[in-house]
Amino acid sequence: MTPGRVMVSDVALNDGRSIPQVGFGVYQIAPEHTAAAVSRALAAGYRLVDTSMAYGNEAEVGDAVRGGRKPVFVTTKYFNADLTHGYQDAQSAFHASVERLGLDHVDLYLLHWPMKLQDRYVQAWKGLIDLRGSKGLGSIGVSNFQAEHLVRIIDQTGVTPAVNQIELHPYFQQPDLREEHARRGIVTEAWGPLGQGKVLEDPALVAIGDAHAKTAAQVVLRWHLQLGNVIIPKSTTPDRVRENIDILDFELSDAQMSVIEGLDRGQRSGPDPGTFEFPRDYRGRHFQTRPE
Ligand code: NAD
């Protein structure tokens, strides 16, 4: 860690554990670039890495985590894109991820999508519940779940996810879902916290950044922190990786928080989990990588 830098705080989870509030996402980072990108992030002070079986880079995340000197909070996900997903498949997928990671721990294991068409996410959630006692598995949660999906798994199993990882940024703020999380004690983790880069030229964000001698990206990430969200910005550009965690030495005023609240357009970057289905044969093909 750079001398003088304030340490990122942890956020308490509903299962007695905790999660660092800032992490590093590796979606669309090619496997051959992943270990170096994660190592750079760890050197810059990140203590959490977010991957998925679908990103095709778990092994390289594991390489970098094993090579680091400090403990790292590792998240991976059960990518339930085909019709066979469910209780058994979730459990096999977890063990396969652990194998690929080559680590003795997974701190957070998430069910990646509700996948309404298959309608097997309750069974898959039961699979994760029964994995909880497994050696090396910390917490379990979900991703891309809307209120109706949360209600269903909680009502049918009595187990509330520790985390719901959802798309969240100034143009897509999901206030109702965040309130539902707060009521139920679920931590909100923001994916695409920078709107995948699309919000960063917004003049209001640039102006707030100028007032603090910070970039629009830093303003957006600081806004998330002040809302209590866990964030997992992604970049393979070394300066940006450092910039995205250099957000602990300034504070947005209430007025600035309100300006950002006013930018919400209900505009997603990614798919709508209420209707979205991957092609049935998607599983096994990894998400494409994207250069920056
Ligand atoms: P993001 O909002 O983190 O945006 C990343 C992009 O923003 C980069 O590719 C780059 O183009 C730009 N960028 C990053 N830092 C910048 C900076 N300082 N200045 C200017 N531009 C900058 O989007 P993301 O990668 O989609 O999301 C982050 C992480 O969330 C992923 O890596 C992944 O781990 C996770 N994720 C999860 C899901 C899910 O379904 N659960 C979906 C997408 C992403």
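Residues numbered from 1 in each chain as written. Predicted model: local features only at pLDDT ≥ 70, side-chain atom pairs only at ≥ 80, totals over all residues. Heavy atoms only, no water.

**Describing the overall build of the chain**
Selection rule: A helix here means a DSSP run of H or I that spans at least four residues, while a strand means a run of E at least two residues long, and both kinds are numbered starting from the N terminus. Put simply, the radius of gyration uses C-alpha atoms, and a globule should come to 2.2 Å times the residue count raised to 0.38. For the exposure calls, accessible area comes from a 1.4 Å probe over protein chains only, and a residue counts as buried if that area is under 20% of its type's maximum, exposed if over 50%, partly exposed in between. We call two residues in contact when some of their heavy atoms are within 4.5 Å. Residue burial considers only the protein chains on display, and all accessible areas are found by Shrake-Rupley using a 1.4 Å probe.
The number of helices and strands found in the chain is 10 helices and 10 strands. Computed over its C-alpha atoms, the radius of gyration of the chain comes to 18 Å, within 12% of the 19 Å expected for a compact globule of 292 residues. If you line up the chain on its principal axes, its C-alpha atoms span 55 × 40 × 35 Å. The buried share among the 292 residues of the chain stands at 54%. Looking at the chain alone, contacts between residues at least 24 apart form 76% of all its contacts between residues at least 6 apart. Of the roughly 12400 Å² of accessible surface on the chain, 50% is carried by carbon and sulfur atoms.

**Structural notes on the site of the ligand**
Spelled out, the test is: Whether a residue is near a molecule or strand depends on its heavy atoms: it is near if one of them lies within 4 Å of it. Here a polar contact is taken to be a pair of N or O atoms separated by no more than 3.5 Å, where protein atoms must pair a possible hydrogen donor with a possible acceptor and residues adjacent in sequence count only if both atoms sit in side chains. All amino acids are sorted into three groups, where Ala, Val, Leu, Ile, Met, Phe, Trp, Tyr, Cys and Pro are nonpolar, Asp, Glu, Lys and Arg are charged, and the leftover types, Gly among them, are polar.
Lining the immediate surroundings of the ligand are 29 residues, of which Asp50, Ser143, Gln165, Leu194 and Gln196 lie closest. In the model, an oxygen atom of the ligand is placed 3.2 Å from a nitrogen or oxygen of the Val26 main chain. Across the complex, the protein chains shield 92% of the 830 Å² of accessible surface that the ligand would expose by itself. Of the residues belonging to the shell around the ligand, the class tally is 11 nonpolar, 11 polar and 7 charged.

**Quick look at empty space enclosed by the protein**
Selection criterion: A 1.4 Å probe that fits but cannot get out identifies a cavity on a 1 Å grid over protein atoms alone, an open set with protein on both sides within 12 Å along at least five of seven lines counts as a pocket, and a residue lines either if it has an atom within 4 Å of a point. Grid points are joined across faces, edges and corners, and a volume is the space filled by probe spheres set on the points.
Throughout the structure, instances matching the rule amount to 3 cavities of 30 Å³ or more. For the largest cavity, the calculated volume is near 60 Å³. Looking at the largest cavity, the residues that line it are Asn144, Phe145, Gln146, Ile166, Glu167, Gln174, Leu177, Trp191, Arg268, Pro271 and Pro273. Partitioned by chemical class, the residues of the lining of the largest cavity number 6 nonpolar, 3 polar and 2 charged.

**Points about the sheet that holds strand β5 (residues 73-78)**
How we decide: Here a strand pair is declared whenever DSSP counts at least two bridges between the two strands.
The 8 strands lie next to each other as β3-β4-β5-β6-β7-β8-β9-β10, forming an open sheet whose pairing is parallel. Because the sheet does not close on itself, it has two edges, and the strands there are β3 (24-25) and β10 (230-231). As paired elements, strand β7 (residues 137-143) and strand β8 (residues 163-167) share 2 bridges and run parallel to each other. Residue Val142 lies in a different strand from β8, and its bridge partner there is Asn164.

**Considerations on the nonpolar core**
Put simply, the test is: Definition of nonpolar core: a set of buried residues of the types Ala, Val, Leu, Ile, Met, Phe, Trp, Tyr and Cys, connected through side-chain atoms within 4.5 Å.
Core analysis: the biggest nonpolar cluster contains 75 residues, and Phe24, Tyr109, Leu111 and Trp125 have the highest contact counts within it. For Leu111, the residues in contact, after removing those within four places along its chain, are Tyr78, Asn80, Tyr121, Ala124, Trp125, Leu128, Gly141, Val142, Ser143 and Phe145. Of all hydrophobic cores here, the second largest spans 13 residues; its members include Phe73, Ala162, Val163 and Val187.

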